[in-house]
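For reference, the chains in residue letters:
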Amino acid sequence: MNKIGAMAVLLASMGLLAACEKEPENNMDSVAETIEEAAEDSGEAIEEKAREITGNERTTGEKMADGMESAGESIGEAYDDSADYVKEKASQAGDAMDPDE
């Protein structure tokens, strides 16, 4: 399966997953993120295919730089998700301890 075809399958499956979420605003956020990621991945696949056709393939250094950038983004996202989770749990704990509510 070529990369563009795989992207289409991934986009479709992620769209279905996003549609199954319970809250509409989360659903819209997920769809927007999915579309953005699919567009980025499609652009990368097109660029790579163009490089293959022209014989101007990426160097190992370029591939390593991309991998490090991706890892940095993943770490940042994981940190943000963890921080949001901790805030949510702290809020829930505070609400549970407040007898007035």
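What you are looking at is a predicted structure, and each value in this text was computed from that prediction instead of being measured.

**Some details on the overall build of the protein chain**
Counting secondary structure elements, the protein chain contains three helices and zero strands. Element order for the protein chain, N to C, with α for helix and β for strand: α-α-α. Within the structure as shown, the protein chain displays about 8300 Å² of accessible surface, and the carbon and sulfur contribution to it stands at 58%.

**Concerning the confidence of the model for the protein chain**
Mean pLDDT over the protein chain stands at 77; residues scoring 70 or higher make up 69%. Taken element by element, the protein chain is modelled with least confidence in helix 1 (residues 3–19), mean pLDDT 65, and with most confidence in helix 3 (residues 60–97), mean pLDDT 86.

**Regarding the pattern of salt bridges**
Overall, the coordinates contain three salt bridges when judged by the stated rule. Close ionic contact of Arg51 with Glu47 constitutes a salt bridge, the shortest N to O distance being 3.5 Å. One end of the pair, Arg51, and the other, Glu47, are both in helix 2 (residues 24–54), four residues apart, so they sit about a helical turn from each other. Through salt bridges with shared partners, a single ionic network connects Glu47, Arg51 and Glu62.

The rules behind the values
Numbers given to residues run from 1 along each chain, matching the order in which its sequence is written. The predicted origin of the model limits local features to residues at a pLDDT of at least 70 and limits the giving and counting of side-chain atom pairs to 80 or more, whereas totals for whole chains, interfaces and linings rest on all residues. Only heavy atoms go into the side-chain values, all of them from the structure, while hydrogens and water stay out. By definition, any uninterrupted DSSP run of H or I lasting at least four residues is a helix, any uninterrupted run of E lasting at least two residues is a strand, and each is numbered from the N terminus. Per-residue and other accessible areas were derived by the Shrake-Rupley procedure at a 1.4 Å probe size, with only the shown protein chains allowed to occlude residues. Looking at any residue, its pLDDT shows the predictor's confidence there, from 0 to 100. Here, a salt bridge means any Lys or Arg side-chain nitrogen found within 4 Å of an Asp or Glu carboxyl oxygen.

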